[in-house]
Amino acid sequence: MDFATRAIHAGQDADPTTGATIVPIYATSTYTQAAVGEHKGFDYSRVANPTRSALETQLAALEEAEHCVAFASGLGAETAIAGLLSAGDHVVVSDDTYGGTYRLFTRVLERFGIASTFVDMTDAEAVRAAIVPATKMLWIETPTNPMLRIIDIAAMASLAAPDRLVVVDNTFCTPYFQSPLALGADIVIHSATKYIGGHSDAIGGAAMTNDGAIAENLRFLAKTLGAVLSPFEAFLISRGAKTLAVRMREHERNAHAVATFLSERDDVSEVLYPGLPSHPQYELARAQMSGSGGIVSVRLRGPESRALEFAKRTRLFSLAESLGGVESLINHPGRMTHGSIPKDERERRGITDGLLRLSVGIESARDLIADLRQALDATRTAAGVLLAGDPPNPSRIPTTQSAGAPTA
Ligand SMILES: *Cc1c(COP(=O)(O)O)cnc(C)c1O
């Protein structure tokens, strides 16, 4: 069956007791047993719940994986995967990764004796050099966040083999655009909070694998660590995932239009989007992904105050953490999602003060571009941007403003 069909039908059989067409929210913590140990496959909802099981079947089918374990959040899934490791183990992590992943490795796992080295995974030699005998896992996020660089999953898998696990965070592409397991990854993880749920109304995560032993271990870790998905959230995420194919096509179409518009502006210094031929890894992106996704990063010309003012002035693009919902969002990585990364480390990765990340929603592309245009035009002078050809205007004083404390 094709992707769009699997999204709607996998795991979505009519309810066996009532015939309900839609999988109900089984709001129950426990299950009545006919005799000791005699039950219908469910005994306690931290271990398994029918609504969550239906979602796991649906998400496994989308990723074309044999197994899926759902978690209370993307980071819940990451924590369980970290539970596959032991003190003394080492992980090589892509250096331009989700801020929460960076925090998990550096602030928590480090204390438990699990060391990590962050490297630029677009550089195979650097990865080879970072691998030591204790290395048990390679942790990849591609496209990277927020720089949207592309990591060659198959190349990393061949570097890691045979005895190191390759984990790929597939949140940005979703299985609609990228299939890491087919490229040699052992485990795929998702923040289902983002595109899979798709409506910014639920927090959830998932891990998929074709390896039965890993799956069994992850189920053990899920019930032992306890970051399991509630049936209410499972219902919302399942409902969202049914339209994943339709949404991803629209996200991509709009992101293309927005990236093209921004790249034609003289008050923008750089547009980062894997679907633009100007992207340094355009060919790799085309080979590895079947589409370019809905995230566009942009570097505005002018001081940081301009980027902050711009983010305040967009109306359809809400200034918010997160991504992947139907509505467009704008985020200042340096002060928001990546605020937990030290400033010098951030800048080394290209997360400069003028960088903004757009999660392009599925509104009308024309309206989205008009919104970006008015915010660019308004801040072009308000922030005192001096462009080649613009007459200097000494009356314009750069605005300063305080951004909220990092909350990611
Ligand atoms: C949001 C996100 C996470 C964390 O997921 P939560 O559901 O917020 O815990 C991990 N990886 C990526 C790429 C993300 O965008």
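Residues numbered from 1 in each chain as written. Predicted model: local features only at pLDDT ≥ 70, side-chain atom pairs only at ≥ 80, totals over all residues. Heavy atoms only, no water.

1. Focus: the sheet that holds strand S12 (residues 355-359)
For the record, the criterion: Each pair of strands is called paired provided DSSP finds at least two bridges between the two strands. Labels follow the DSSP assignment, with helices taken as runs of H or I lasting at least four residues and strands as runs of E lasting at least two, numbered in each case from the N terminus.
What the 5 strands build is an open sheet, ordered S8-S9-S12-S11-S10; its pairing is mixed. The outermost strands of the open sheet, each flanked by one partner alone, are strand S8 (268-272) and strand S10 (318-319). Pairing of strand S11 (residues 329-331) with S12 involves 3 bridges; the strand directions are antiparallel. Counterpart to Leu329 in the pairing with S12 is Ser359.

2. Some words on the domain arrangement of the protein chain
Stated precisely, the cut-off is as follows: Throughout the structure description, domain borders are defined by an automatic or database domain assignment. In this description, contact between two residues means that some pair of their heavy atoms is separated by no more than 4.5 Å. What gets called buried area is simply the loss in accessible area from a 1.4 Å probe that two parts show on being joined, summed for both. The term salt bridge refers to a pairing of a side-chain nitrogen on Lys or Arg with a carboxyl oxygen on Asp or Glu at a separation within 4 Å. Polar contact is the term for a pair of N or O atoms within 3.5 Å; when the atoms are in protein, one must be able to donate a hydrogen and the other to accept it, and sequence-neighboring residues count only if both atoms are side-chain atoms. Under the scheme applied here, ten amino acids are nonpolar (Ala, Val, Leu, Ile, Met, Phe, Trp, Tyr, Cys and Pro), four are charged (Asp, Glu, Lys and Arg), and all others, including Gly, are polar.
Under the domain assignment used here, the protein chain contains domain 1 (3-241) and domain 2 (245-380). On a C-alpha basis, the centres of domain 1 and domain 2 stand 26 Å from each other. Each partner contributes to the interface: domain 1 provides 39 residues, whereas domain 2 provides 42 residues. Ranking the residues of domain 1 by area buried against domain 2 places Ile150, Phe177 and Tyr195 at the top, with a combined share of 25%. Counting every contact that joins domain 1 to domain 2 gives 1 salt bridge. Between Arg348 and Asp95 there is a salt bridge whose closest N-O contact spans 4.0 Å. Run the count over domain 1 and domain 2 and you get 17 residue pairs in polar contact (both at pLDDT 80 or more). Within the residue set of the side of domain 1 that touches domain 2, elements represented by two or more residues are helix H1 (3-9), helix H4 (99-108), helix H6 (153-160), helix H7 (174-177) and helix H9 (231-241). Considered class by class, the residues forming the side of domain 1 that touches domain 2 number 21 nonpolar, 12 polar and 6 charged.

3. Description of the nonpolar core
Formally: Only buried Ala, Val, Leu, Ile, Met, Phe, Trp, Tyr and Cys residues count toward a nonpolar core, and they belong to the same one when joined by side-chain atoms within 4.5 Å. Exposure classes here rest on a 1.4 Å probe applied to the protein chains alone. A residue is buried below 20% of its type maximum, exposed above 50%, and partly exposed in between.
Counting residues in hydrophobic clusters, the biggest one holds 37 residues, and the most contacted among them are Leu55, Leu59, Leu62, Ile196, Met208, Ile237 and Leu244. Residue assignment for this core shows that the elements contributing at least two residues are H1, helix H2 (50-63), strand S1 (67-71), strand S7 (205-209), H9 and helix H10 (244-263). Looking at which element gives the most residues to this core, the answer is H2, with 4 residues. Taken domain by domain, this core gets at least three of its residues from each of domain 1 (3-241) and domain 2 (245-380).

4. Thoughts on the pattern of salt bridges
What the rule picks out here adds up to 21 salt bridges. Measuring nitrogen to oxygen at the nearest pair gives 3.0 Å for the salt bridge that ties Asp89 to Lys136. Of the two residues, Asp89 sits in the loop between helix H3 (74-82) and strand S2 (90-94) while Lys136 sits in strand S4 (residues 135-141), which places them 47 residues apart along the sequence. The class for Asp89 is buried, based on a relative accessible area of 10%. Owing to a relative accessible area of 35%, Lys136 belongs among the partly exposed residues under this scheme. Overlapping salt bridges bring together Asp95, Asp120, Arg149, Glu345, Arg348 and Arg349 as one network.

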